[in-house]
Amino acid sequence: MSRQPAPDDSRFLKACRREPVDVTPVWFMRQAGRYLPEYRALRAKHSLLELCHDPALAAEVTLQPIARLGVDAAILFADILLPFEPLGLGLSFSPGEGPQIERPIRDAAAVRELPAVDPALDLGYVLEAVRLAARALPANVPLIGFAGGPFTLASYAIEGGGGGGGGSRTFARTKAFMYQEPDSWHQLLDRLAYLAGRFLAAQAAAGARALQLFDSWVGCLSPQDYHTYVQPHSRRTLTLAVRAGVPVIHFGTGTAPFLEDFAAAGGDVIGVDWRIPIDQAFERVGPARAVQGNLDPAALLAPPAERERQVRDVLAHAGARPGFIFNLGHGVLPETPVEALRAVVELVHGG
Ligand code: CP3
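Residues numbered from 1 in each chain as written. Predicted model: local features only at pLDDT ≥ 70, side-chain atom pairs only at ≥ 80, totals over all residues. Heavy atoms only, no water.

Caption draft 1: Focus on the site of the ligand. In the region of the ligand, 23 residues are neighbours, and Arg-30, Tyr-39, Asp-79, Ser-216 and His-330 sit closest. Contact with the protein chains covers 90% of the free accessible surface of the ligand, which is 870 Å². Spatially, the ligand is embedded in the largest pocket. Going through the elements one at a time, helix H2 (37–45) and strand E3 (98–101) are the ones with two or more residues in the shell around the ligand. Its residues placed into classes, the shell around the ligand shows 15 nonpolar, 4 polar and 4 charged. (Near = heavy atom within 4 Å. Areas by Shrake-Rupley, 256 points an atom, 1.4 Å probe, with all protein chains shown as cover. 1 Å grid on protein atoms, 1.4 Å probe; cavity = no way out; pocket = protein on both sides within 12 Å on 5 of 7 lines; lining within 4 Å. Sits in = over half its atoms within 2 Å of the grid points. Helix = DSSP H or I, 4+ residues; strand = E, 2+ residues; numbered from the N terminus. Nonpolar A, V, L, I, M, F, W, Y, C, P; charged D, E, K, R; others polar.)

Caption draft 2: Spotlight on the side chain of Asn-327. Summarising the element assignment, Asn-327 is placed in strand E9 (residues 324–328). Judged by its relative accessible area of 0%, Asn-327 is buried. The contact partners of Asn-327, leaving out residues within four places of it in the chain, are Trp-27, Phe-28, Met-29, Gln-292, Gly-293, Asn-294 and Leu-295. (Buried < 20%, exposed > 50% of the residue type's maximum accessible area, 1.4 Å probe, protein only. Contact = heavy atoms within 4.5 Å.)

Caption draft 3: Representation of a negative patch on the surface. Judged by side-chain charge, Asp-107, Glu-113, Glu-181 and Asp-183 come together as a negatively charged surface patch. Topologically, Glu-181 is positioned in the loop between helix H9 (172–180) and helix H10 (182–206). Residue classification places Glu-181 among the partly exposed residues on the basis of a relative accessible area of 31%. (Patch = residues over 30% accessible without salt bridge, like charges linked within 9 Å, V, L, I, M, F, W, Y side chains within 5 Å. Salt bridge = Lys/Arg side-chain N within 4 Å of Asp/Glu carboxyl O. Lys, Arg positive; Asp, Glu negative; His and termini not counted. Charge placed at Lys NZ, Arg CZ, Asp CG, Glu CD.)

Caption draft 4: Focus on the nonpolar core. Among the nonpolar cores identified, the biggest contains 127 residues, and Phe-12, Trp-27, Phe-28, Phe-84 and Trp-185 are the most heavily contacted of them. At 11 residues, H10 tops the list of elements feeding residues into this core. For Phe-84, the contacting residues outside a window of four places in its chain are Leu-89, Gly-90, Leu-91, Ile-101, Leu-153, Tyr-156 and Ala-157. (Core = buried A, V, L, I, M, F, W, Y, C linked by side-chain atoms within 4.5 Å.)

Caption draft 5: Here's a closer look at the layout of surface pockets. The volume enclosed by the largest pocket comes to roughly 1500 Å³. Lining the largest pocket are 49 residues, with Arg-30, Arg-34, Asp-79, Pro-99 and Tyr-156 sitting closest to its centre. Taken together, the elements giving at least two residues each to the lining of the largest pocket come down to H2, helix H3 (48–53), strand E2 (91–94), E3 and helix H8 (150–159). Looking at the lining of the largest pocket residue by residue, the class counts come to 27 nonpolar, 14 polar and 8 charged. (Points joined across faces, edges and corners; volume = space filled by probe spheres on them.)

Caption draft 6: Up close: the sheet that holds strand E7 (residues 269–271). Pairing in this open sheet of 7 strands is parallel, and the strands run E1-E4-E5-E6-E7-E8-E9 from one edge to the other. On the outer flanks of this sheet lie strand E1 (74–75) and E9, each paired with one strand and no other. In the sheet, strand E5 (residues 210–214) pairs with strand E6 (residues 248–251) via 4 bridges, with the strands oriented parallel. What sits directly across from Leu-213, in E6, is His-250. Running at roughly 150° to E9, helix H14 (residues 304–318) makes contact with strand E8 (290–295) and E9 of the sheet. (Pairing = 2+ DSSP bridges. Axes fitted to C-alpha atoms, helices over the stretch in contact; angles between N-to-C directions.)

Caption draft 7: Here's a closer look at the pattern of salt bridges. Throughout the structure, instances matching the rule amount to 14 salt bridges. Arg-11 is the partner of Asp-72 in a salt bridge, and the nearest nitrogen-oxygen pair spans 2.8 Å. Here the residue Asp-72 occupies a position in the loop between helix H4 (55–69) and E1, and Arg-11 occupies one in helix H1 (residues 11–16), the gap between them amounting to 61 residues. Accessibility expressed as a relative area gives 24% for Arg-11, which makes it partly exposed.

Caption draft 8: Representation of the side chain of Ser-10. Tracing the backbone through its elements, the reader meets Ser-10 in the segment before H1. A polar atom in the side chain of Ser-10 sits 3.2 Å from the backbone nitrogen of Leu-13. Setting aside anything within four residues of it in sequence, one finds Ser-10 in contact with Asn-140 and Pro-142. (Polar contact = N/O pair within 3.5 Å; in protein donor to acceptor, adjacent residues only side chain to side chain.)

Caption draft 9: Examining empty space enclosed by the protein more closely. Throughout the structure, instances matching the rule amount to 1 cavity of 30 Å³ or more. A volume near 50 Å³ is recorded for the largest cavity. What lines the largest cavity is Leu-76, Ala-78, Asp-79, Ile-80, Leu-82, Pro-83, Val-126, Phe-146, Ala-147, Phe-199 and Gln-203. Of all the elements in the fold, those that place two or more residues in the lining of the largest cavity are strand E4 (143–148) and H10. In terms of residue class, the lining of the largest cavity is built from 9 nonpolar, 1 polar and 1 charged.

Caption draft 10: Inspection of the packing of aromatic side chains at higher detail. In this structure the tally under the stated criterion is 10 aromatic pairs. Between Tyr-226 and Phe-258, the ring centres sit 4.5 Å apart and the planes meet at 15°, which makes this aromatic pair stacked. Highlighted residues: Tyr-226 in helix H11 (residues 223–242) and Phe-258 in the loop between E6 and helix H12 (259–264), separated in sequence by 32 residues. For the pair Tyr-226 and Phe-258, a shared accessibility class is recorded, and that class is buried. (Phe/Tyr/Trp six-rings, centres within 6.5 Å; stacked < 30°, edge-to-face > 60°.)

Structure, rendered in structure tokens:
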């Protein structure tokens, strides 16, 4: 199959560039995943890491939600923690407990001893999945590549595992390391930021037409600590990513208390969660940025009337502004009915 023409006029990419669109584009974080029966069927035969390591399987999973939901963008099937394998931290996923890190980073020596990682070599299987998925997608459905933000990656590397936020609600180990070993902290984030930035650029070179930086857990920080300990590193990643020449989405949850500073780190599109109304997000990130969000994923578990009310509410807050991309404020929950996602796409598209 030959490569299809560059779909620069897709409504998703147009919205990223704040150009007028026929209808609001929509896609969902974690749209490839456990809520889909065809994903669960593959997972019955392969572990999560097996799916990620096999480019053909990863490309297949990437495509699963596209026709089924009618979304305007695809997100590569992979995980933000895959770079932990070449970093020698030891990564596994256990059912119900989320990611497990065998050798968490707990001191300055562990940071110094991290090996150099070249995404083109050490994560080449992800780039191959990008090539396969980009080639197989319809021309009007661009592929989004992604990486984890330096803070979110560091939180898993230091806490060592578990569910959301490295299994920690308080991020106590992460913050203790940050305060007690500030030099090592900055070295660690610098390493992760550089790796993530080069990884994003490599995905764009392989065919990703947009990139998203998932700094999912930065909202656990005070505005001052975000500014001091994280923002310079996120800026480095985003600067490297933007050079690839495709739109970059900068996403975090709980960022409302420091949204201006979060946006100042970079990104053409700022991704926000449901804790801030979309109109306020637009006002605060300023006229040069597009905004993505922000339905509460739990609204997809509500009865249809309440779900519809919440979707219309997000659309009403976005108004007629150019540069709005409809999404959830965080990933699709595994218990979400497929029908609920389809209904949201239809409603956003004006059905
Ligand atoms: O559809 C997509 O969005 C693409 C694929 C994708 C996955 N992980 C696959 C996955 C993406 C974009 C991610 C990003 C990711 N991974 C983030 C950032 C976004 C967010 O949700 O905040 C984070 C923090 C991770 C780390 C991670 N991976 C955790 C905490 C877990 C366990 C929790 C859970 O939901 O089970 C994973 C596992 C994981 N990554 C699954 C999927 C589909 C679920 C796994 C399974 O099949 O067992």
